[in-house]
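Observations on the model geometry
Each chain, letter by letter, is given below.
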Amino acid sequence: MLKIQQTPYNQHINDCLLKKKEIDLYVKREDVLHQHISGNKFRKLYYNIIAAQAQQHDTLLTFGGAFSNHIAATAAAGKEYGFKTIGVIRGDELGKNLSKTLAENPTLQFAATQGMEFYFVSRKAYREKTQADFIDKLSQSFGRFYLVPEGGTNALAVRGTEEILRPEDMDFDYVCSAIGTGGTIAGIINSSATNQKILGFPALKEDFLNHNIQQYTQKDNWSLVRDYHFGGFGKIDKKLVDFINMVKTLHHLPLDPIYTGKMFYGIIDLIKKDYFPKGSKILAVHTGGLQGREGMNWRLQKKGLPLLKL
Ligand SMILES: *Cc1c(COP(=O)(O)O)cnc(C)c1O
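Source: prediction; values computed, not measured.

The six strands lie next to each other as 1-2-10-7-8-9, forming an open sheet whose pairing is mixed. Looking at the sheet topology across the chains shown, the edges are occupied by strand 1 (10–12) and strand 9 (222–224). Shown here is a sheet whose adjacent strand axes are inclined to one another by a mean of 25°, direction ignored. As defined by bridge partners, strand 7 (residues 174–179) adjoins strand 10 (residues 281–286) across three bridges and the pair is classed as parallel. Paired with tyrosine 174 across the two strands is isoleucine 282, which belongs to strand 10.

In the vicinity of the ligand, 15 residues are found, and the nearest of them are Lys41, Lys44, Thr181, Thr184 and Thr287. Lysine 41 is positioned such that a nitrogen or oxygen atom in its side chain is 2.7 Å from an oxygen atom of the ligand. Interatomic distance of 2.6 Å between a side-chain N/O atom of threonine 181 and an oxygen atom of the ligand. When the free accessible area of the ligand is taken as 390 Å², the share hidden by the protein chains comes to 98%. Elements that contribute at least two residues to the shell around the ligand include exactly helix 2 (39–54) and helix 9 (183–191).

Moving on, we get to the environment of alanine 186. When you line up the elements, alanine 186 lands in helix 9. A relative accessible area of 0% places alanine 186 in the buried class. Separated by 33 residues in sequence, alanine 186 and threonine 153 place their C-alpha atoms 10.0 Å apart.

Think of an α-helix as 3.6 residues a turn; residues three or four steps apart then line up on the same face. Here helix 12 (residues 260–272) is 13 residues long and its end C-alpha atoms lie 18 Å apart, about the 18 Å a rise of 1.5 Å per residue gives. Across the 13 residues that make up helix 12, a large majority, twelve, are buried. Residues Thr260, Gly261, Lys262, Met263, Phe264, Tyr265, Gly266, Ile267, Ile268, Asp269, Leu270 and Ile271 constitute the buried set of helix 12. Against the buried residues of helix 12 lie helix 1 (16–21), strand 2 (24–29), strand 7, strand 8 (197–202), helix 11 (238–251) and strand 10. Where helix 12 ends, the next residue or the one after it, aspartate 274, has phi of about 60°, a positive value.

Let us look at the nonpolar core. Counting residues in each nonpolar core, the largest one holds 38 residues, and the members touching the most others are Leu25, Phe201, Phe264, Ile267, Ile271, Phe276 and Ile282. Contributions of two or more residues to this core are made by helix 1, strand 2, strand 7, strand 8, helix 11, helix 12, strand 10 and helix 13 (292–303). Ranked by residue count, the leading element in this core is helix 12, at seven residues. Setting aside its immediate chain neighbours within four residues, phenylalanine 201 contacts Cys176, Ser177, Ala178, Ile179, Val225, Tyr228, Met263, Gly266, Ile267 and Leu270.

A few words now on the pairing of strand 8. Most of strand 8 sits inside the fold, with five of its six residues counted as buried. In the sheet, strand 7 pairs with strand 8 via six bridges, with the strands oriented parallel. Opposite isoleucine 179, over in strand 8, you have proline 202 as the bridge partner. Handedness of the strand 7-helix 9-strand 8 crossover: right-handed. Handedness of the strand 8-helix 10 (residues 209–214)-strand 9 crossover: right-handed.

Running from N to C, helix 2 and helix 3 (residues 69–81) point in directions that differ by 40°, and their axes come no closer than 11 Å. In terms of orientation, helix 2 and helix 3 fall into the oblique class. For the pair helix 2 and helix 3, the crossing hand works out as right-handed. Each of Lys41, Leu45, Ile49 and Gln53 in helix 2 lies in contact with helix 3, whose residues at this interface are Asn69, His70, Ala73, Thr74, Ala77 and Tyr81. Per-class residue counts for the contact of helix 2 with helix 3 are five nonpolar, four polar and one charged.

Over its 13 residues, helix 3 extends 18 Å from the first C-alpha to the last, a length consistent with the 18 Å expected when each residue adds 1.5 Å. The buried count for helix 3 comes to eleven of 13 residues, which makes it a mostly enclosed element. Buried residues belonging to helix 3 abut helix 2, strand 3 (59–64), strand 4 (84–90), helix 5 (106–113), strand 6 (146–148) and helix 13. The N-terminus of helix 3 is capped by serine 68, whose side-chain oxygen sits 3.0 Å from the backbone nitrogen of histidine 70. With its phi angle positive at about 75°, glycine 82 sits one or two positions after the end of helix 3.

For threonine 287, the location among the structural elements is in the loop between strand 10 and helix 13. With relative accessibility at 6%, the residue threonine 287 sits in the buried group. When neighbours within four sequence positions are excluded, threonine 287 is seen to be in contact with Ser38, Gly39, Asn40, Ser177, Ala178, Thr184 and Thr260.

Basis of the calculations
- Within every chain, residues take consecutive numbers counted from 1 along the sequence as written.
- This being a predicted model, a pLDDT of at least 70 is required before a residue's local features are given, and a value of 80 or more before pairs of side-chain atoms are given or counted; all residues contribute to the totals for chains, interfaces and linings.
- In computing side-chain properties, one takes all heavy atoms of the structure into account and sets aside hydrogens as well as water.
- Should DSSP find at least two bridges between two strands, the strands are regarded as paired.
- Only DSSP runs of H or I with at least four residues qualify as helices, and only runs of E with at least two residues qualify as strands; both kinds are numbered from the N terminus onward.
- Fitted lines through C-alpha atoms give the axes, limited to the stretch in contact for helices. The angle between two N-to-C directions lies from 0 to 180 degrees.
- Nearness here has a simple test: a residue counts as near a molecule or strand if at least one of its heavy atoms is within 4 Å of that partner.
- A 3.5 Å cut-off defines polar contacts: any pair of N or O atoms within that distance qualifies, except that in protein one atom must be a possible hydrogen donor and the other a possible acceptor, and neighbouring residues in sequence count only when both atoms are side-chain atoms.
- Here the open area of atoms and residues is found with the Shrake-Rupley method and a 1.4 Å probe, where only the protein chains shown may cover a residue.
- Buried means the residue's accessible area, taken with a 1.4 Å probe over protein chains only, is under 20% of the maximum for its type, while exposed means over 50%, and partly exposed covers the values in between.
- Take the number of residues in a helix, subtract one, and multiply by 1.5 Å to get its expected span.
- Whether two residues touch is decided by their heavy atoms; if any such pair falls within 4.5 Å, the residues are in contact.
- For this analysis, a nonpolar core means a set of buried residues of the types Ala, Val, Leu, Ile, Met, Phe, Trp, Tyr and Cys, connected via side-chain atoms within 4.5 Å.
- With the strands pointing away from the viewer, any crossover whose connection runs clockwise from the first strand over the helix to the second is right-handed.
- In these notes the angle categories are as follows: under 35 degrees is roughly parallel, over 145 is roughly antiparallel, 65 to 115 is roughly perpendicular, and the rest is oblique.
- Handedness of a helix crossing follows the sense of rotation of the near helix relative to the far helix, less than a right angle counterclockwise being left-handed and clockwise being right-handed.
- Side-chain classes are defined by residue name, with Ala, Val, Leu, Ile, Met, Phe, Trp, Tyr, Cys and Pro counting as nonpolar, Asp, Glu, Lys and Arg as charged, and the others, Gly among them, as polar.

Read these as layout, nothing more, since geometry by itself doesn't imply function.
Shown next, in the form of structure tokens:
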């Protein structure tokens with residue numbers, strides 16, 4: 001069973017914009033749950049690890065992009081709980097010179113130190129990763145394994161993300177979360193009060209999320225805010241880097257560039273635009289992902305953009 005290292009807490013954000021607009025904003029610091037299995041990835045792995053142990057598996061296999069928070073978290077969880085881990089990674093070019101790849105990619109480098117074994121596949125093969133043929137081939141290569149889906153979302157993951165909201169959070173009017181696959185927000189919706197409004201901020205521009213979320217929840221007190229993906233998954237610009245650095249300096253709140261930075265930018269922008277009624281109490285869930293900052297800095301440096309402060 002995964003062990004919580006630090007109990008999440010709600011950080012109050014003190015800011016003149018918020019005072020002027022009469023908005024009360026808190027951030028639920030789920031990022032502090034565990035040093036390496038951070039935020040929502042901890043929640044999503046929790047019941048999966050218990051299931052894998054109960055089914056006497058010794059290997060976890062999962063999928064992800066080269067900078068994936070889920071890959072880093074699964075590698076660390078495997079190490080801590082005695083599983084061998086296999087990461088099926090998108091991008092066969094990355095496997096051609098592994099030492100160069102690891103030198104330029106802090107996420108994969110970390111996963112390797114946790115003992116993860118990589119299997120690099122082409123983008124085309126990666127798209128077929130949920131098909132039976134592909135899984136069969138993986139079994140032939142790697143033997144018996146417990147399969148954790150891409151991003152970690154399945155029914156057990158949602159059971160874990162249902163534990164993000166606590167009874168004392170029920171008096172927030174709005175709860176906000178970043179979205180990748182939708183598993184995290186589904187759990188938040190499930191455990192919310194029906195008079196609360198849950199707002200999801202997708203980190204990608206594709207339009208399959210409503211369906212993914214509906215698969216795991218019956219409730220309808222939620223909606224998506226699609227205006228803050230910054231051009232798509234993993235895309236970033238100077239405005240976002242400056243914003244994340246400013247929030248860190250002013251509020252001692254570290255944000256990641258893929259998910260929570262975009263969500264927080266969106267929340268502040270919506271507050272400026274008077275989206276929330278005066279007197280609203282808002283809870284933004286910090287889903288973690290801070291390990292991704294270093295990898296992003298590699299890319300920012302190549303583009304000549306300012307770097308994220310670590
Ligand atoms: C993976 C991730 C998400 C997306 O979670 P989903 O359950 O896939 O929607 C959000 N925030 C962070 C920091 C993540 O690492």
